[in-house]
Each structure stands twice: as structure tokens, then as C-alpha cells.
Amino acid sequence: MHLIDFIIFIVFTLGVVVFGCSFFKKGSSADEFTSAGHSIPGWVVGMSIFATYVSSISYIGYPGKAFAADWNAFVFSLSIPIASYFAAKYFVPFYRHSGSVSAYTFLEEKFGAWARLYASACYLLTQIARMGSILYLLAVPMYILMGWNMHTVIILTSIGIIIYSMMGGLKAVIWADAIQGIILIGGALLCLGILMFSMPEGPMQTFELAANSPMGNKFSLGAFTSDLTTSTFWVCLIYGIFINLQNYGIDQNYVQRYHAAKTDKAAKFSALFGGYLFIPVSALFFLIGSALYSYYEAGVAPLPAEIQAKPDYVFPYFIVNGLPVGLRGLLIASIFAAGMSTVSTSVTSAATIILTDYVRPFFLKARNVADHLRHHDPADHHQHQKLELAIVRLSSFGVGLLGACVAIAMLSVESIIDAWWTLSSIFSGGMLGLFLLGCIPQKISRFAAFLGCVCGIFIIGWISLAELWHLPGIHLHPYLAIVLGTTTIFLVGFLLTLLIKGKK
């Protein structure tokens, strides 16, 4: 790696950590740490939502997918407008006036403490898996670039992210996300331009070679068949609708950002802006993957067989060998920008859930104690605030450490996109179904909701493990685990409630 590239990368990475730490405020409270004092402009929150979407899973995984196969995974992005619309119209106003920064307080009010614990546990598992996937992808370019030990890169990156997440809280994370989002878009555009204008016959050759690949049209969105065992267009679209509704409707990452915006109008704008911006940017990453295929197919540069066998390594390999000095460092920095923004978001939101859904209700007796101390004993109230802040910072450290452990365990994964989508489908636990049960006007029986969750978990487990353990029955694509799990929870809870009321 050239010294100039190394300096650009180090300056950027350390700059993000220092910038995040600059938001450290002595005497801050846990509420300010987790909701940024409700002071962030709408466009900044929107950029943060966008940057949370565009992790290094997108930056490296999407080009890898398009290089090895086609644009089937882009169908996921096409489902986002549906979720964005519902978020701006219903979810944002609901959460902004709920009185709690936790996304799962609502479930406890509807169905009892078990519902809140179930949903928050599913969320924590999903975020730890997500952090592991992203930290792994942050280590890949550094391994290819300089031969650095991937374990070491994962650990050092985790430490840097944990430090500024612990110091600056949500405000640091959102502002860092906004800056990182702008950098990663610029880096991707530069890379695509170099790829296309390096083609021997000009930029249009990129499209010709990719469209006429021996493996089929590289721009294909997938088969339009009713097959539920493979990743067809419809399987990917349905999966995307359910995952994105879950993201916008019950994901703490997004709910926390709704609270951070200055006004209701700014929060609604952020939901729409962040979601819609992701569509063209994700198309940009898939186009980079198609351009990489054409670039190496045209013989512009050789591609070693061992790199070609690992699609997630192709884009980092091109960055190392195909970009001029200076741009190489910028692209590596932009990949880190994508990953760091998402991991820091997961760290902060997971720490918030640990405080609001586990520590406060069971150990600090939460709001009642805090409100009593605020009015009757200001000194004790100050100590209570310091204790909560220490807990949320300690939780940030613990969650970041677990994410690093998962990243190390993922070093043998072949396609990180497939691994992450499968894990998110399993760990989400169909909690969207429980959320939808709570939203309908019909009052749902708590027992019916609980039984619905049990049935949903069983369905998710069966679909996820059927092929691995050779279980009898119809084998479906793992992406459908969240779809059928959510549907099962909703239908069982709703129909059983009607049955119970009918008997009464």
C-alpha cells in the first residue's frame, strides 16, 4: 500500500473516532445519550438512516453478488418505498408521542412484559449478527491490501467504534453517519467511473458484456416463477417488504432516530429521505459488480482464481490493483465509513435496549424512581442519572465485544450477503407479527399472542433447519422464514382471539 493511501486511510479513520468523541459532554444523562436531546435536523437524521442501510454488507456484498450472479438482491431495495411510506404516515407519529425511546414499550402495554422481552431479545441477537457480518467485511480489504491479520483488524476496528459510541452517544453516531454517508457515495461513484471508462471499447461495453454473459443476463432481477425454494424475484420482494416494514416499524435503530429529530415534520422527512436515497445508491453498488465482471471479462486486468472463487473479495482486489494512488486510500476509507456507521448505530441502539428493557424495569424500577428523585431529592436524582449513563456505556462495550466475536466466527463464510440475510430472517423471530397484532383495532388476547409467537418460532426454526438437518416436509428458501413466521404469529393470535371470545 502506497504511503499516501495509508495516510488518507489512517487520517480518515482516526478523524471519525476523534469527531465522535468530540460530542462527549460532561454531566450528560442517559436520556440525552440515547435520544440526542431531540435536536438533530431532518436531513442529517435521513442521511444517518441511509448510512445505516448502506453498511459494508452493501459496499462489498452487493458488488460481489452482481459479479458472481445477477441483480436479484436489488429487488430487496425496490420494496423500501412501501416501508418508507408507512413509516412517515404511521410509525413516526406513533413513536414520537409514545413517551419512550424504546420500540418495545408498546408491546408490553399490549401483551405484557414477556412480549417486550421477546422482541428486544430478537433485536439484540439480530444486531450482534449484523455487527459481526460488517466487521468481517471491514477486515477483508485490509487483508487483501496489506496482508494484515483479519482477527487483528476486527479487534482494532471494534475498539475504535466502541470508543466514540461510548463517548458521544447517539448524537455522535448520527452526525458521523451523515458525513460517512456522503463520503461513501462519492467513493462509489469514482470507482464506477474508473471501471467503465477503462473498458477497451468504452463505457457501453460494460453493459454489453454483462447482458450477454454465458451465465445469463447479469442485470436479471431473478426468475418470475412461483418457486419458493430459490431466490426468485417474488421471494426476494416479499422478503424485502417484511424486513423493511420490520426495520421501519419496530427496529430500535430507526425508532431512536425518529426521537432524535427536532420536530415531527423533520422525523417524517428523514424516514422518506433515508429510504428513497438507498434505492439509487444500492443500484450503484450492483452496477459496480456488473462493471467488475465486464472489466475482468474484457481482459483489462487479470483476476486470480482464488479471488474469483470468493466474490466478496473481488471489489477489494480491484481497489488494490486497479485504482491510482490516493483514490485507493479514499475507497478503503469509504468502505470503513459504511461499516463504522452501521456498527456504531447497532452498538448504541443495543445498549439503549439493554437499559430501557432490562436494567430499568428489573433493577432500577425505571421512571417512577427517576421522577420521584427529580422532584424530591435532586442529589440522588443526579446519582441515578450517572448510574444509568455508566450502565449504557458499559453495555455499549459489551455489545461491541460480542459483535467482534461473531465477526471472527464468520471468517469461513462464502457469501456474507446470504449469511446475513439468513441470520436476520431467523433472529428477527417474526416479531413484526406481534407488532401488527398490537396495531389492529381488535383487542388481542395475551394468551393468543403468546401462543402465536410459539407457533411462529416453531415455523421459523423448521424452515431454517429443514435442509440442514434433513427434516421431512416442504423445503422453502430460508428468506421465507421471516415471512411465514410473521404471518403465523399474526394469524394464530388473531384467529385464536376470535375463538376464545366466541366461546365466552
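Residues numbered from 1 in each chain as written. Predicted model: local features only at pLDDT ≥ 70, side-chain atom pairs only at ≥ 80, totals over all residues. Heavy atoms only, no water.

Peer 1: Quick rundown of the nonpolar core? Include the residues and the values.
Peer 2: Tyr248 and Tyr258 are the most contacted members of the largest nonpolar core, which totals 137 residues. If you look at the next biggest cluster of nonpolar residues, it comprises nine residues, including Phe33, Val359, Leu364 and Ile391. (Core = buried A, V, L, I, M, F, W, Y, C linked by side-chain atoms within 4.5 Å. Buried < 20%, exposed > 50% of the residue type's maximum accessible area, 1.4 Å probe, protein only.)

Peer 1: Which residues make up the side chain of Ser290, and what are the values?
Peer 2: Its location among the elements puts Ser290 in helix α13 (residues 264–297). Residue contacts for Ser290: discarding those within four places in its chain leaves Ala66, Trp71, Ala210, Lys218 and Phe219. (Helix = DSSP H or I, 4+ residues; strand = E, 2+ residues; numbered from the N terminus. Contact = heavy atoms within 4.5 Å.)

Peer 1: I'd like a description of the pattern of salt bridges, backed by residues and values.
Peer 2: Across all of its chains, the model carries six salt bridges by this definition. Residue Asp357 pairs with Arg116 through a salt bridge whose shortest N-O separation is 2.9 Å. In this pair, Asp357 sits in helix α16 (residues 327–364) while Arg116 sits in helix α8 (residues 113–146), placing the two residues 241 residues apart along the sequence. For the pair shown, Asp357 and Arg116 are each scored as buried. Because the salt bridges share partners, they merge into one network encompassing Glu108, Arg116 and Asp357. (Salt bridge = Lys/Arg side-chain N within 4 Å of Asp/Glu carboxyl O.)

Peer 1: Would you mind going over the environment of Ala178 in detail, with residue names and values included?
Peer 2: For Ala178, the location among the structural elements is in helix α9 (residues 150–197). Taking the C-alpha atoms as reference, Ala178 lies 9.7 Å from Thr52; in sequence the two are 126 residues apart. In contact with Ala178, not counting residues within four places along its chain, are Val44 and Met47.

Peer 1: Any chance you could break down the packing of aromatic side chains for me, citing the residues and the numbers?
Peer 2: For the coordinates displayed, the defined rule picks out 28 aromatic pairs. Considering the side-chain rings of Phe67 and Tyr293, the 6.5 Å spacing of their centres and the 65° angle between planes classify their relative orientation as edge-to-face. Residue Phe67 is found in helix α4 (residues 56–68), and its partner Tyr293 is found in helix α13; the two are separated by 226 residues along the sequence. Residue classification places Phe67 among the buried residues on the basis of a relative accessible area of 7%. Centroid distance Phe224 to Phe233: 4.5 Å. Interplanar angle 25°. Geometry classified as stacked. When its relative accessible area of 53% is taken as the criterion, Phe224 is described as exposed. (Phe/Tyr/Trp six-rings, centres within 6.5 Å; stacked < 30°, edge-to-face > 60°.)

Peer 1: Account for the environment of Ala261, naming residues and giving values.
Peer 2: Mapped onto the elements, Ala261 comes out in the loop between α12 (252–260) and α13. In the structure, Ala261 is positioned 158 residues away from Ala103 in sequence and 16 Å away in space, judged by C-alpha atoms. If we ignore the near neighbours within four places in the chain, the residues touching Ala261 are His38, Ile40, Val45, Arg96, Ala266 and Ala267.

Peer 1: If you had to explain the packing of helix α11 (residues 233–250) against helix α20 (residues 431–439) to someone new, which residues and values would you point to?
Peer 2: Remark: α11 packs on α20, axes separated minimally by 10 Å, with the N-to-C direction vectors making an angle of 60°. Taken together, the axes of α11 and α20 are oblique relative to one another. The crossing of α11 and α20 is left-handed. Residues Phe242, Leu245, Gln246, Gly249 and Ile250 of α11 touch α20, and the partners they reach there are Met431, Leu432 and Phe435. Here the contact of α11 with α20 is composed, by residue class, of six nonpolar, two polar and no charged. (Axes fitted to C-alpha atoms, helices over the stretch in contact; angles between N-to-C directions. Parallel < 35°, antiparallel > 145°, perpendicular 65-115°, else oblique. Left-handed = near helix turned anticlockwise from the far one by under 90°. Nonpolar A, V, L, I, M, F, W, Y, C, P; charged D, E, K, R; others polar.)

Peer 1: How would you sum up the packing of helix α3 (residues 42–53) against α9? Please name residues and give values.
Peer 2: When two helices pack together, their arrangement is given by the angle between the helix axes and the distance between those axes. In the contact formed by α3 and α9, the axes pass within 8 Å of each other and the chain directions differ by 65°. You can see that α3 and α9 cross each other, and the crossing is left-handed. Residues Val44, Val45, Met47, Ser48, Phe50, Ala51 and Thr52 of α3 form the contact with α9, whose own contacting residues are Ile174, Trp175, Asp177, Ala178, Gly181, Ile182, Leu184 and Ile185. Taken together, the residues of the contact of α3 with α9 break down into 11 nonpolar, three polar and one charged.

Peer 1: An account of helix α10 (residues 204–211) is requested, with residue identities and associated values reported.
Peer 2: Of all the residues in α10, the buried ones are Gln205, Thr206 and Ala210. Down the axis of α10, the smallest arc covering the buried residues is 125°, so these residues share one side. Of the surrounding elements, those touching the buried residues of α10 are α9 and α13. (Arc of directions from axis to C-beta.)

Peer 1: Any details on α11? Residues and values, ideally.
Peer 2: With 18 residues, α11 extends 25 Å from end C-alpha to end C-alpha; this agrees with the ideal 26 Å at 1.5 Å per step. Of all 18 residues in α11, 14 are buried; the element is thus mostly enclosed. (Expected span 1.5 Å × (residues − 1).)

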